[in-house]
Amino acid sequence: MEALAGLRRPNVTVPLAQTIAQQYFGVSAVEVTELGSNQDRNFLLMEASGNRTVLKIDNAAFALAEIEAQNEVMNTCVSAGVSVAQVLRNADGSLVRTVFDADGVEHFARRFQFVPGTSLLDAHFLSAVMMQQVGSLTGEVSAALTKFTHPGLERASQWDMRRAADIADSLLGSIADGRRRERVRAAIKAARIALTQVGELPVQAVHGDVTDDNIMWGGPQNSSQLTVLDFGDVSTGWRVAELAVTLSSLLQHAAERPLDVLVAARAFHQKQALTSAEVSALWPLVVLRACVLVTSGAKQLELEADNDYAAERIEGEWRIFEEATRYPLDVMRAATRAALHVQITETETAADAAKAATSTKPAKEPQVESGPFSFPKKKRFKALEGSLLQSPVALHRVDLGAESVWMDDGAWLREGAEEQFIREAFSFVGQPGESGIYLPYALERLTRSRINSAEAPKTIPFGIEAYFTQRTKVFAPFDGEISVPAPTLAKRDEQQVVLTASDGSRLVLTGLVKLPQPGPVSAGDPLGRVASSDSQQLNRVRILWVSSRATSRIPFFGGDELAPAYEQLTIDPAPLLGLPREEERPDAAVEQDRRNRVFSSAQERYYVDPPEFERGWKHHLIDTNGRAYVDLVNNVAGLGHSHPRITAAAEQQLRLLNTNSRFLYRQLAEYSERLIEKAPNSLDTVLLVNSGTEAVDLALRLAWAATGRKTIISLREAYHGWSIGADAVTTSAYDNPNAVGSRPDWVHVADVPNPFRGKHTGPDAETYYATELADTLKQLDAQGKPVAGFICESVLGNAGGVLLPEGYLREVYAKVRGAGGLCIADEVQVGFGRMGQGFWGFNQQGVRPDIITIAKSMGNGFPIGGVITTRAIAESLGNEGMFFSSAGGSPLSCAVGLAVLDAMDEDKILENVANVGGYFKDRLEMLMAKHPLIGFVHGAGLYLGVELVRDRETLEPAKEETMEVCERMLHLGVIIQPTSERQNVLKIKPPLCIDRESVDFVVEALDQVLSEVVATFAPAHA
Ligand SMILES: Cc1ncc(COP(=O)(O)O)c(C=O)c1O
């Protein structure tokens, strides 16, 4: 078979290509550059006009019908709106020419549109966003070709995945390295077997090569622009193979986390739904594609040692092979099913059927009380049959999960926490006779989590751990075959006994003594006794029930990446102990769908594939797998998440009273006094509301009421809230693309004094801006629109913690007051100690505003907002009627607010901000010396902004790179997000309790990610 021997590329040199272009296509190319190809020849033709096209000399192996099929496939894709590099029509209307190479061999030749940009192959790391886009694109190609037929599609191709196992096998001999050859041989064999177990796979027209190499990317400026090139492999084939080919190419870009490419599979599945059989076939096909790549690459090099293109690619192809086979096939198939939320429908074993049935059943009446330690309501003990126990044993459920109340107040971080909780739970049991506790199947154990860790901890058990008060006897719950593997360690704790059922499922029990002899047993035969473990001195057994689908070893604990796969491959053994099965919890993707169905798309959400957070502690967020992330974003939880003092204050007040400020109660005055103590002397009156938006709205009303004027000046790039009033002074193009042009006539927008990229950046910048503002004030006066107020953040928070030029507010406030206006400092983000220089952001500028707006960290997550101003200004509101806000200043809000102020002192928050903030900024500045991508480190205290630029001269914002950094940092356990209207500043505004250990962890992660992102984008920058 010619295809199997590998195809020699046409013998066409650059000068010959130039001649062909001229003779056959009438194109006078002034510059011809060869582009890579495995089997054809591609040349970039540049004409004197600058027009660029691609000349393709097809391999002589192609028949005309095949070439025509390719052309029609391209047209079909274009009609379906898929972006492809189109074949160009010649002057006479034809698409194809016949040409001769240097050996006189006849070839077809065509000219194509040149697509500027870079090949995705050159990108180092692809984030979830990019992978999703690629999967979606492949899905669109596949969907466009669903009904396409053409005689030219029926061709024998080396790349037809239906023949992949045979082709790879036949080329195996070309792999010189014996060890590698054997690994490939084994992988082919395993994938071949796996494919025989899936059902019928649908066949249709396929592009066959939608890979990183054949996708052009618009580069950072146009990152969502992806174009498919090279239709040279179109043929009929398995529909799912289209996706398998794409996924295998993405494996090179997945930073040793092969499961990350499944986000592309999910995107494909949304465009072109796969059958259950296709989902099962997907990973075996990914493996086979990798095998074909490495074997064909080896063969090509054997044929043409001078094929630099093939030589260069072979290492990447081996990387694909390594990633495709990093985890066993059964695990990857299960992971694929879990990622696509596709149930198993092929031939199932009894155990799988049992698992599938329970997993699709509607949620049952909960059998146990909620809470960390609860008792089954119904004791549904069966007799011997199907049970590990001879008689019922009262086993109490112990929940050490992320949402368990036992984990409150950071208890999970205590040294030896898990064992302590187990002992504590055990001590409660204290019943005479046999009883005990159990830690449920697939319920994460937060006690196994770690903070400041780039790797996901192994928190999820795939079986049950049960502790008994006595050395309970355990029996075979079903007939089967016993085996007793030799323990890996000499510890008795590790000793296992395995009971294999006739359906192939395996019950693995660890921690028994008095084990039976290997061989057949019947239900009810003894399997041993639960023994006290060496380490804990408690009678403990681990019960792992592995489905017959699992061919590889399943660990007892795993991390978030593989957990969905292991959960597919194991069965909850609860019924074997007479316990109810654990209720299945929807994963984060399901939760995301649920949210999308009920929430507006205008509502912002972080991340493409967000983790689900259900707990926070200090400056850490904990997801439902028990993974802890350092939180650099939640400035609202100023003191730290779940602060015990705040929780206690809120709880206590809710027990006592919660009403509104029309009534008389002590906390209102007490809290207001405490706030006034923090404010400059003349500001002696407080108005309490519930949010920053309300505070800003109220501040604007106060300025109007006090001055009898309407005009408000706000700065460009600002965010002040969402209500009609607060939004009117919000000018950030990110929050409102038409911001500047669409302000109501009472808002005047002044230029933002951004010292990094503003109009004036020199030493006297403040005077320039202040002079400009003075002119504006005069003009407004002349137009009969005198200023009522000037509003700005005391540090440009929304721009990324950008510090105002020194003296700016002093000069501007003086000018505004001179014109009869009031000065409003929006301290919603930068107040409450965040800037590290006293309590207020305006301390940076040494000024005293007339009105201060506060919210966010004021309530540490509880909704409180307020305005602090002078009595005279506040009184002016009375002229407009009474002011009242139902929950503003309620006893509850005041109790929380007071607790926040107390805790700030108690936790020495201001000292921490000065100490850790300074350290953080120093370390980031050191990173800036290493990474040219960092244009500047803004901010002070714990409001910092790392501005990423493509060029330190032009300051071109590195928006896409910033997004990539954020996605990648998530993988490493850090929550960070872009800000500014250019979305190119990494905003760093963590809870103020962050410590140096976490700062070190974050800076090291950022260092690594910046290098990776630069490697991803560098080809695009070149
Ligand atoms: C400076 C500033 N002002 C006002 C607001 C609005 O606050 P809230 O979201 O509490 O309404 C925000 C919110 O991000 C803000 O950053």
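Residues numbered from 1 in each chain as written. Predicted model: local features only at pLDDT ≥ 70, side-chain atom pairs only at ≥ 80, totals over all residues. Heavy atoms only, no water.

Undergrad: Can you lay out the overall build of the protein for me, pointing to particular residues and giving the numbers?
TA: Looking only at helices and strands, the protein has 25 helices and 40 strands in total. In summary, the protein has a C-alpha radius of gyration of 34 Å against a globular reference of 31 Å for 1022 residues, a match within 12%. For the protein, the spread of C-alpha atoms along the three principal axes comes to 95 × 95 × 45 Å. Sorting the 1022 residues of the protein into buried and exposed places 59% on the buried side. For the protein, contacts bridging at least 24 residues in sequence account for 73% of all contacts bridging at least 6. Total accessible area on the protein stands at roughly 40400 Å², and carbon and sulfur atoms take up 50% of it. One way to put it: in the protein the 100 positive side-chain charges average out to a point 4 Å from where the 129 negative ones average out. (Helix = DSSP H or I, 4+ residues; strand = E, 2+ residues; numbered from the N terminus. Rg over C-alpha atoms; globule rule 2.2 N^0.38 Å. Buried < 20%, exposed > 50% of the residue type's maximum accessible area, 1.4 Å probe, protein only. Contact = heavy atoms within 4.5 Å. Areas by Shrake-Rupley, 256 points an atom, 1.4 Å probe, with all protein chains shown as cover. Lys, Arg positive; Asp, Glu negative; His and termini not counted. Charge placed at Lys NZ, Arg CZ, Asp CG, Glu CD.)

Undergrad: Requested: an account of the site of the ligand, with residues and values cited.
TA: Every residue close to the ligand is listed here: Ser691, Gly692, Thr693, Tyr719, His720, Gly721, Glu793, Asp826, Val828, Gln829 and Lys856. At 2.8 Å, a backbone N or O of Gly692 approaches an oxygen atom of the ligand. Separating a nitrogen atom of the ligand from a side-chain N or O atom of Asp826 is a distance of 2.7 Å. When the ligand sits alone it has 390 Å² of accessible area, and the protein chains cover 83% of it. Residues belonging to the shell around the ligand are distributed by class as follows: two nonpolar, six polar and three charged. (Near = heavy atom within 4 Å. Polar contact = N/O pair within 3.5 Å; in protein donor to acceptor, adjacent residues only side chain to side chain. Nonpolar A, V, L, I, M, F, W, Y, C, P; charged D, E, K, R; others polar.)

Undergrad: Account for the pattern of salt bridges, naming residues and giving values.
TA: Evaluated as defined, the whole model comprises 51 salt bridges. For the salt bridge of Asp609 with Arg266, the shortest nitrogen-to-oxygen distance reads 2.8 Å. Highlighted residues: Asp609 in the loop between α14 (588-598) and β26 (613-617) and Arg266 in helix α7 (residues 262-271), separated in sequence by 343 residues. Its relative accessible area of 32% is what places Asp609 among the partly exposed residues. (Salt bridge = Lys/Arg side-chain N within 4 Å of Asp/Glu carboxyl O.)

Undergrad: Now, about unusual backbone geometry: what can you tell me, with residues and values included?
TA: With a phi angle near 50 degrees, Ser642 is a residue other than glycine that sits in the positive phi range. As for its placement among the helices and strands, Ser642 is situated in the loop between β28 (628-631) and α15 (644-656). Of the residues examined, Ser642 reaches a relative accessible area of 37% and is grouped as partly exposed. A positive phi angle is found at Phe832, which is not glycine, with a value near 60 degrees. With respect to the secondary-structure elements, Phe832 resides in the loop between β33 (822-826) and β34 (851-854). The exposure class assigned to Phe832 is buried, which follows from its relative accessible area of 2%.

Undergrad: Tell me what's going on with the packing of aromatic side chains, and back it up with residues and numbers.
TA: Taken as a whole and assessed by the stated rule, the structure comprises 15 aromatic pairs. Between Phe556 and Phe557 the ring centres are 5.2 Å apart and the planes differ by 80 degrees, which places this aromatic pair in the edge-to-face class. There is no split in this pair, since Phe556 and Phe557 are both buried. Each ring, one from Phe832 and one from Trp840, has its centre 6.3 Å from the other, and the planes form 80 degrees; the classification is edge-to-face. In this pair, the class of Phe832 matches that of Trp840, namely buried. An aromatic cluster of at least three residues, connected via ring pairs, comprises Phe832, Phe839, Trp840 and Phe842. (Phe/Tyr/Trp six-rings, centres within 6.5 Å; stacked < 30°, edge-to-face > 60°.)

Undergrad: Describe the sheet that holds strand β35 (residues 865-869), with residues and values.
TA: What links the strands of a sheet is backbone hydrogen bonding, and the strands pair in either a parallel or an antiparallel sense. Pairing is mixed across the open sheet formed by seven strands, whose spatial order is β29-β35-β34-β33-β32-β30-β31. The open sheet terminates on both sides in strands that have one partner only, identified here as β29 (685-689) and β31 (747-750). Averaged over all adjacent pairs, the angle separating strand axes in this sheet is 20 degrees, with direction ignored. Across the sheet, helix α19 (residues 765-782) is in contact with β30 (711-715), β31 and β32 (787-793); its angle to β30 comes to roughly 155 degrees. (Pairing = 2+ DSSP bridges. Axes fitted to C-alpha atoms, helices over the stretch in contact; angles between N-to-C directions.)

Undergrad: I'd like a rundown of the sheet that holds strand β20 (residues 512-513), residues and numbers included.
TA: Sheet architecture is open: three strands sit in the order β16-β22-β20, paired in antiparallel fashion. Edge strands, defined here as strands with exactly one partner in the open sheet, are β16 (473-475) and β20. Both β16 and strand β22 (residues 526-530) contribute to a ladder of three bridges, which runs antiparallel. Within β22, the residue paired with Val474 across the bridge is Gly528.

Undergrad: So, the pairing of β22: which residues are in play, and what are the values?
TA: As defined by bridge partners, β20 adjoins β22 across two bridges and the pair is classed as antiparallel. The residue bridging Val513 from the neighbouring strand is Arg529, located in β22.

Undergrad: Mind laying out helix α22 (residues 891-906), listing which residues take part and the relevant values?
TA: For an α-helix, the turn length of 3.6 residues means that residues three or four places apart are oriented alike. Compared with an ideal rise of 1.5 Å per residue, which puts 16 residues at 22 Å, α22 spans 22 Å between its outermost C-alpha atoms and is within 8% of the ideal. Along α22, 13 of the 16 residues are buried, which leaves the element largely enclosed by surrounding structure. Note on α22: the residue one or two positions beyond its end, Lys908, has a positive phi of about 50 degrees. (Expected span 1.5 Å × (residues − 1).)

Undergrad: Before we move on, can you summarise the pairing of strand β12 (residues 394-398) with the specific residues and values?
TA: Along β12, five of the five residues are buried, which leaves the element largely enclosed by surrounding structure. What you see with β12 is no split at all: Ala394, His396 and Val398 on one side and Leu395 and Arg397 on the other are buried throughout. With four bridges connecting them, β12 and strand β13 (residues 435-439) associate as parallel partners. Each bridged residue has a counterpart across the sheet, and for Ala394 the counterpart in β13 is Ser435.

Undergrad: Describe the packing of helix α6 (residues 239-250) against α7, and please don't skip the residues or the numbers.
TA: At their nearest, the axes of α6 and α7 sit 10 Å apart, and the two run at 150 degrees to each other. Our classification of the angle between α6 and α7 gives roughly antiparallel. The element α6 and its partner α7 pack so that their crossing is right-handed. Together, Arg239, Leu243, Leu247 and Leu250 of α6 and Ala264, Ala265 and Phe268 of α7 make up the contact between the two elements. Classifying every residue of the contact of α6 with α7 by side-chain character gives six nonpolar, no polar and one charged. (Parallel < 35°, antiparallel > 145°, perpendicular 65-115°, else oblique. Left-handed = near helix turned anticlockwise from the far one by under 90°.)

Undergrad: Describe the environment of Lys989, and please don't skip the residues or the numbers.
TA: Position of Lys989 relative to the elements: it lies in the loop between β40 (985-988) and α25 (996-1021). The buried category is assigned to Lys989, whose relative accessible area is 6%. In this structure Lys989 touches Leu632, Val633, Asn634, Asn635, Gln829, Arg834, Leu942 and Tyr943, once residues within four positions along its chain are discounted.

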